[in-house]
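So you can see what is in the structure, the chains are spelled out below.
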Amino acid sequence: MNDTPTFSHDPGIARMVPFNESIFDTMTAAAARYDAINLGQGYPDHSGPESMLRIACEHITAGDNQYAPPRGVAELREAIAKERNERYGMALTADNVLVTVGATEAIAASVMGLVEPGQEVIVFEPYYDAYAASIALADATRVAVPLSFDSETGHWDIDAEALAAAVTDKTVAIIVNNPHNPSGSVFSASGLSALAEISIANDLWVIADEVYEHLIFDGHHTPIATLPGMRERTISISSAAKTLCVTGWKTGWAIAEPPLLNAVARAKQYLSFVGTTPTQPAIAYALNNEQDWIADMVRGLEERKDHLRAVLSEIGFKVYDSQGTYFLLVDVASKGFKDGIEFCMRLPEIAGVAAIPVAAFCDDPSRCATLVRFAFSKSEESLDEAARRLRQAFA
Ligand code: PMP
Ligand code: GLN
């Protein structure tokens, strides 16, 4: 007997209906179906520093397993403020920090805490999928502004003119992701200055998703909050996921001036109440004591990026270099493929490897139609095996 009730129509609210399974889940499921190497979803094959893992275990076995304080464990909030102060010359305290359930919740709480229904939020295209869903949850309107793309260098950047033209009297916030997923670009100083000028001139909030702040190989990270006039209008968001290789711990944070942070905390409180407790002191320890581990991890990541880039180029794909993140972009038109989505849907079956189409990050996929994102955050062995399979399928 089939107990599943049948519905005559989709019972979901209309504005959430387009948000079905994410592209990451679709491609990860396809990878599993064909036992493919998953160069689609961005996560590392290894965990963070030993000391951090041990401390989390100790906290669990010692009974530190009940609700955390509303803004997060004090030790972690202090460690986050201290790390930002040391890296970027800021002057933050624990009062500027809210611990969240991953950067994902920090993004959702920022949008839901600051944007009224019907107001407009600007995102830069290609944009990370969670932004669109958070804007829809808030019943706000997404306005996608294309990033500029230099097809010689593969560098994507903020296009000041396009951004200025997109601001209306309904715009309240801009979501910016730097270093940028999916392109791996780090935005230029002039691009960031233009963003600052436009947000100040139009009195906009800036929700700055900086989860890849440490994963940079070429250049350096400038938090938008450090530009003049930006600290009081920016929510900076980051996460232990990428910095400390614990995507499954779902521990992130939002950083802002207290009045702005209060608005985010209000929404966060009723999304999840608080984050996971025993991971927080462990992450605090790692931020305070494992900066060398992070630097080594980034060096290893760069080597793997260079390795994957060399393999893909040697096979004959046009590969754009990446300045940071976990990702490299490839133009599959260089091997005669006309559609990146179709390419990615078939790749697990034909090559035993999975990747992500950049069109999935776009409202207007035309410019990204043949671009495909490969994650190099995997082990050397996985990349070697992926290289072998890709050569066999395409060389
Ligand atoms: N923003 C971007 C740009 C990402 O790539 C990701 C995935 N790490 C997130 C946010 C989500 O981060 P978290 O896993 O901490 O929720
Ligand atoms: N941020 C990771 C990526 O871009 C994974 C995100 C996810 O699976 N939702 O691949």
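Q: Explain the overall build of the protein here, please?
A: A count of helices and strands for the protein gives 13 helices and 15 strands. For 395 residues, the compact-globule estimate of 2.2 N^0.38 gives 21 Å, and the C-alpha radius of gyration of the protein, at 21 Å, lies within 12% of that figure. Looking at the protein residue by residue over its 395 residues, the buried ones come to 55%. Within the protein, contacts between residues at least 6 apart in sequence are counted, and of these 75% link residues at least 24 apart. Mean positive and mean negative side-chain charge positions of the protein (30 and 52 charges, respectively) differ by 2 Å.

Q: Explain the nonpolar core here, please?
A: When a protein is soluble and globular, its nonpolar side chains tend to lie buried together. Counting residues in hydrophobic clusters, the biggest one holds 97 residues, and the most contacted among them are Ile235, Leu244, Ile283, Phe317, Phe343, Leu347 and Phe374. By residue number, the principal contributor to this core is helix H11 (residues 291–315), which donates 8 residues. Once you skip the residues sitting within four places of it in the chain, Phe317 turns out to touch Leu312, Val330, Asp331, Val332, Ser334, Lys335, Phe343 and Phe394. Core analysis: the next-biggest nonpolar cluster, separate from the first, contains 29 residues, Ile122, Ile158, Leu204 and Leu227 among them.

Q: Which parts of the structure should I look at to understand the pattern of salt bridges?
A: Where side chains of opposite charge bring their charged atoms close, a pairing between them can arise. The full count for this structure, using the stated rule, is 17 salt bridges. The residue Asp139 makes a salt bridge to Arg15 at a minimum N-O spacing of 3.8 Å. Residue Asp139 is found in the loop between helix H5 (129–137) and strand E4 (141–146), and its partner Arg15 is found in the segment before helix H1 (23–33); the two are separated by 124 residues along the sequence. The class for Asp139 is partly exposed, based on a relative accessible area of 37%. Between Lys305 and Asp306 there is a salt bridge, with its nearest N and O atoms 3.1 Å apart. A single network of salt bridges, built from pairs that share partners, joins Lys305, Asp306, Arg309 and Asp321.

Q: Help me understand the sheet that holds strand E15 (residues 371–375), please; the structure alone is not making it clear to me.
A: As a general point, the strands of a sheet are linked pairwise by backbone hydrogen bonds and lie either parallel or antiparallel. Taken together, 4 strands build an open sheet; the order of strands is E11-E12-E15-E14 and the sheet is antiparallel. Both edges of this open sheet fall to strand E11 (318–320) and strand E14 (356–357), since each of them pairs with a single strand only. Those strands touched by helix H12 (residues 340–351) are E14 and E15, and its axis lies near 40 degrees from that of E15.

Q: Teacher, can you tell me more about the confidence of the model for the protein here?
A: A low pLDDT means the predicted coordinates there should not be read in detail. Looking at the protein as a whole, its pLDDT mean stands at 96, while 99% of the residues score no less than 70. No element of the protein has a lower mean pLDDT than H1, which averages 92, and none a higher one than strand E8 (residues 205–209), which averages 99.

Q: Quick question: what am I supposed to make of a negative patch on the surface here?
A: Together, Asp45, Glu303, Glu380, Glu381 and Asp384 make up a negatively charged patch on the protein surface. Residue contributions to the negative patch peak at 3 residues, all from helix H13 (residues 380–394). The residue Asp384 is located in helix H13 in this model. By relative accessible area, Asp384 is classed as partly exposed at 40%.

Rules used in this analysis
- Residues numbered from 1 in each chain as written.
- Chains lettered and ligands numbered in written order.
- Predicted model: local features only at pLDDT ≥ 70, side-chain atom pairs only at ≥ 80, totals over all residues.
- Heavy atoms only, no water.
- Helix = DSSP H or I, 4+ residues; strand = E, 2+ residues; numbered from the N terminus.
- Rg over C-alpha atoms; globule rule 2.2 N^0.38 Å.
- Buried < 20%, exposed > 50% of the residue type's maximum accessible area, 1.4 Å probe, protein only.
- Contact = heavy atoms within 4.5 Å.
- Lys, Arg positive; Asp, Glu negative; His and termini not counted.
- Charge placed at Lys NZ, Arg CZ, Asp CG, Glu CD.
- Core = buried A, V, L, I, M, F, W, Y, C linked by side-chain atoms within 4.5 Å.
- Salt bridge = Lys/Arg side-chain N within 4 Å of Asp/Glu carboxyl O.
- Pairing = 2+ DSSP bridges.
- Axes fitted to C-alpha atoms, helices over the stretch in contact; angles between N-to-C directions.
- pLDDT = per-residue confidence, 0-100.
- Patch = residues over 30% accessible without salt bridge, like charges linked within 9 Å, V, L, I, M, F, W, Y side chains within 5 Å.
- Areas by Shrake-Rupley, 256 points an atom, 1.4 Å probe, with all protein chains shown as cover.

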